[in-house]
Amino acid sequence: MWKRISSALLFATSAALAERVELTRPVMGTLARITVETNDPPRAGLAIEQAFARLADLNAKLSDYDPLSELNRNPPRKSRDLQHVLHHAAELRRLTGGAFNHEAGTVIRLWRDARQRGVAPTPAQIEAARTAERKVDLGGIAKGYAAGEALALLRRHGFRRAMVAIAGDICVGDPPAGRPGWRIEVAPGSARRLLELHQSCVSTSGDAEQAFEANGRRYSHIIDPRTGHALTHPIGVTVVARQGIIADALATALSVTGLREDLLRRYHAAAIVWTPESTRESLFELFERARPIRAEQPR
């Protein structure tokens, strides 16, 4: 009996002493936030700095914006990180029939320029971009991979209660002391949900903030690589998976295909897919059997 009481008191004391160390830095064209719950803030701060260094290293390898990145070298020097990401990207391209296509960089750049100018490209320009020499763009998969890698580095340093958030890509480790998980509010489109996660990753993709209008028509920043055209129908997707690289890539793919339960089951993932007509939530019960998760309306 005494041992049980002592253990309970020890847990309560440890929880009370835990502090949160949090740092935010610009990474991969956006802001990254790393949070660690710990009883040793100075050492946690050093580990977070190393995690940010890891993110900077990955940006130097995977960025399509940086002309000196490993991805943009000709010929590229394929590090283990780049090979790993390219392998998963090629698999998703095959499984989605090209709805996810990391080699559609020329078309993506065409629409990126169009969005900046506010002028939609012509059909001839789109066709020319589709048939041009392939250009790899890892924007739909790299941030999720990076979030997972930063979390893994923190874990190797002994900090298991941690969260890494790179814009809409978030990976979490062990739950905070005294809680079942990290509480994360997601908003795919107009749907809002509160998730409670541990040892998993979540990625949200949508066009609420990056669409533009031209000639009376709304164009998304999300491109269907199969046609080369930007989506014109609003959609928002949130995916939960065990790995950040999978959550990010599936969120990108489902933004084009809509809900695909075959893909979710293959990767043991769950999804919320919002359109103006409906909100569909799929396979959260499948994910629950592996990792506790709760999806509910925020209170």
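Enquirer: Whenever I open this one, the packing of aromatic side chains confuses me. Can you help?
Expert: Aromatic ring pairs are described here by two measures, namely the spacing of the ring centres and the angle between the planes. Taken as a whole, this structure holds three aromatic pairs when the rule is applied. Aromatic side chains tryptophan 111 and phenylalanine 212 sit 6.5 Å apart centroid to centroid with 50° between the ring planes, which places their arrangement in the tilted category. On the criterion of sequence distance, the pair formed by tryptophan 111 in helix α4 (residues 105-117) and phenylalanine 212 in strand β8 (residues 212-214) is long-range, its members being 101 residues apart. Look at tryptophan 111 and you get buried, because its relative accessible area is 3%. Judged by centre distance (5.4 Å) and plane angle (40°), the rings of tryptophan 111 and tyrosine 219 are tilted. Pair noted here: tryptophan 111 is in helix α4 and tyrosine 219 is in strand β9 (residues 217-219), with a separation of 108 residues, a long-range link. The buried category is assigned to tyrosine 219, whose relative accessible area is 12%. The structure contains a cluster of three or more aromatic residues connected by ring pairs, namely Trp111, Phe212 and Tyr219.

Enquirer: When you look at the nonpolar core in this model, what are you seeing that I'm missing?
Expert: Most often, soluble globular proteins have nonpolar side chains that are buried together. Membership of the largest hydrophobic core comes to 63 residues, with the highest contact counts inside it found for Leu55, Leu138, Leu154, Val239 and Leu250. Here this core gets nine residues from one element, more than from any other, and that element is helix α7 (residues 244-257). Once residues lying within four places of it in the same chain are set aside, the contact partners of leucine 55 are Val27, Ala32, Ile34, Ala146, Ala150 and Ile166. One finds Ala165, Ile170, Val186 and Leu197 within the second-largest nonpolar core, a separate group that totals 14 residues.

Enquirer: Which parts of the structure should I look at to understand the pattern of salt bridges?
Expert: A side chain with one charge can pair with a side chain of the opposite charge if their charged atoms come near. Per the stated rule, a full pass over the model turns up 24 salt bridges. Here arginine 25 and glutamate 49 are joined by a salt bridge, their closest N and O atoms 2.7 Å apart. Here arginine 25 is found in strand β1 (residues 19-27), whereas its partner glutamate 49 is found in helix α2 (residues 41-62), with 24 residues between them in sequence. By relative accessible area, which is 34% here, glutamate 49 ends up partly exposed. The partner of aspartate 64 in a salt bridge is arginine 112, and the shortest N-O contact between them spans 3.5 Å. Of this pair, aspartate 64 sits in the loop between α2 and α3 (80-95) while arginine 112 sits in helix α4, and the two are 48 residues apart along the sequence. What makes aspartate 64 buried here is its relative accessible area of 11%. It is possible to trace a salt-bridge network through shared partners that takes in Arg54, Asp57, Lys61, Asp81 and Glu149.

The rules behind these values
Residues numbered from 1 in each chain as written. Predicted model: local features only at pLDDT ≥ 70, side-chain atom pairs only at ≥ 80, totals over all residues. Heavy atoms only, no water. Phe/Tyr/Trp six-rings, centres within 6.5 Å; stacked < 30°, edge-to-face > 60°. Helix = DSSP H or I, 4+ residues; strand = E, 2+ residues; numbered from the N terminus. Buried < 20%, exposed > 50% of the residue type's maximum accessible area, 1.4 Å probe, protein only. Core = buried A, V, L, I, M, F, W, Y, C linked by side-chain atoms within 4.5 Å. Contact = heavy atoms within 4.5 Å. Salt bridge = Lys/Arg side-chain N within 4 Å of Asp/Glu carboxyl O.

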